[in-house]
Amino acid sequence: LASKRLQKELLALQNDPPPGMTLNEKSVQNTITQWIVDMEGASGTLYEGEKFQLLFKFSSRYPFDSPQVMFTGDNIPIHPHVYSNGHICLSILTEDWSPALSVQSVCLSIISMLSSCKEKRRPPDNSFYVRTCNKNPKKTKWWYHDDTC
């Protein structure tokens, strides 16, 4: 089921990507379970003109199991819900995940999260979290500080 669903979502992302997002074609040449999505900050936002990369990792249980999603590369956005190691505090990536969601909907949620940001700053517990967290953000027990997380 996972590979069939991933093939379908891959095509959807190639043919109709969310605004400012492009599938990094090189990332899917050898594997369908790990994608990189190139992202550009939306115009009129604090991230306008900035370029980011999102890493998606899918288990064999996808879509019943949420993908592991994090920012990767040289430019990690400075945002109250994005840790300097690329981990993203976003409830749909863990406890609010549903198999009805897709890569497209995750991308749109991340665009929306960045676009609604009023002040560029790291989460208050960034340095402690980055020192102590698991490499896999899905293993974190997230505490959602506010409704926008």
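Structure: above.
Residues numbered from 1 in each chain as written. Predicted model: local features only at pLDDT ≥ 70, side-chain atom pairs only at ≥ 80, totals over all residues. Heavy atoms only, no water.

Enquirer: Sorry if this is basic, but what is going on with the side chain of asparagine 24 here?
Expert: Within the secondary structure layout, asparagine 24 lies in the loop between strand S1 (21-23) and strand S2 (34-40). Relative accessible area serves as the criterion here: at 17%, asparagine 24 is assigned to the buried category. Excluding residues within four positions of it along the chain, asparagine 24 makes contact with Ile36, Val37, Asp38 and Gln53. (Helix = DSSP H or I, 4+ residues; strand = E, 2+ residues; numbered from the N terminus. Buried < 20%, exposed > 50% of the residue type's maximum accessible area, 1.4 Å probe, protein only. Contact = heavy atoms within 4.5 Å.)

Enquirer: Can you help me understand the pairing of strand S4 (residues 68-72) in this one?
Expert: It is a general feature of regular strands that their side chains alternate between the two faces of the sheet. The buried count for S4 comes to four of five residues, which makes it a mostly enclosed element. For strand S3 (residues 51-57) and S4, the ladder comprises five bridges, and the chain directions are antiparallel. Note on S4: the bridge partner recorded for leucine 54 is phenylalanine 71. (Pairing = 2+ DSSP bridges.)

Enquirer: Honestly, the packing of aromatic side chains in this entry has me stumped. Any pointers?
Expert: The description of an aromatic ring pair uses the distance of the two centres, along with the angle that the planes make with each other. One pass over the full model with this rule turns up seven aromatic pairs. Considering the side-chain rings of tryptophan 35 and phenylalanine 58, the 4.9 Å spacing of their centres and the 55° angle between planes classify their relative orientation as tilted. Here tryptophan 35 is found in strand S2, whereas its partner phenylalanine 58 is found in the loop between S3 and S4, with 23 residues between them in sequence. The class for phenylalanine 58 is buried, based on a relative accessible area of 7%. By the ring-pair criterion, three or more aromatic residues cluster together here, those being Trp35, Phe56, Phe58, Tyr62 and Trp97. (Phe/Tyr/Trp six-rings, centres within 6.5 Å; stacked < 30°, edge-to-face > 60°.)

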